[in-house]
Amino acid sequence: MARTGRPPAEVILTAQERAQLERWSRRAKSSQALALRCEIVLGCADGMSNKDIAAQLRVHPTTVTKWRTRFIVKRLDGLIDEDRPGRPPSIGLDQIEDVVVATLEQTPVNATHWSRASMAQRSGLSRSTIGRIWRDFGLKPHRVDTFTLSKDPLFVEKVVDVVGLYHNPPERAVVLCVDEKSQIVCHER
């Protein structure tokens, strides 16, 4: 005669619990893990053995035992995911917001854009943390998406001279443009 071990605890469902488990197991918005747990409990309530449920749902028998026991103790609340262990975030949302707002709306003194080091010094966070925040929000302060005007005091006169050559070229003259990188403005640092 084979050893059978301790008989599993019997799962008895109320009509409301059965209806809720069936809804959760069939609902498209339910997580796959929750649907599997519901199927396990419904199988237990139908009197199936742990081995049969495990074979039918393609899980390990200890998984069936775990969810049978948890349902008996906590009922439907036991099937919902619990908070995961781990260290809580050490950086608050207000600090993240401060970095993002400063990156988008301010420029550092004596520089054209923020670097990880300058933002880290300003905010009190590490350079790697600044890099992660920028990556998560898709920020690239070193890349300029807009046209940059020169701060040269004679800029307007130079533009008038160059544009004037195109609009009113001298007779028998050829006007050539050799500017290869039109959007780049060199800044002294």
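The preceding data block contains the structure.
Procedures and definitions
- Residues numbered from 1 in each chain as written.
- Predicted model: local features only at pLDDT ≥ 70, side-chain atom pairs only at ≥ 80, totals over all residues.
- Heavy atoms only, no water.
- Salt bridge = Lys/Arg side-chain N within 4 Å of Asp/Glu carboxyl O.
- Helix = DSSP H or I, 4+ residues; strand = E, 2+ residues; numbered from the N terminus.
- Buried < 20%, exposed > 50% of the residue type's maximum accessible area, 1.4 Å probe, protein only.

To continue, consider the pattern of salt bridges. Scanning the model with the defined rule gives five salt bridges in all. Note that glutamate 17 is salt-bridged to arginine 75, the shortest N-O span being 2.7 Å. One end of the pair, glutamate 17, is in helix 1 (residues 15–26); the other, arginine 75, is in the loop between helix 4 (61–74) and helix 5 (93–105), with 58 residues separating them in the sequence. Exposure remark for glutamate 17: the relative accessible area of 11% places this residue in the buried category. Between aspartate 46 and arginine 18 there is a salt bridge, and its shortest N-O distance comes to 3.2 Å. One end of the pair, aspartate 46, is in the loop between helix 2 (32–45) and helix 3 (50–57); the other, arginine 18, is in helix 1, and 28 residues separate them in sequence. On the basis of relative accessibility, which here comes to 28%, the residue arginine 18 falls in the partly exposed class. Put simply, Arg18, Glu22 and Asp46 are held in one network by salt bridges that share partners.

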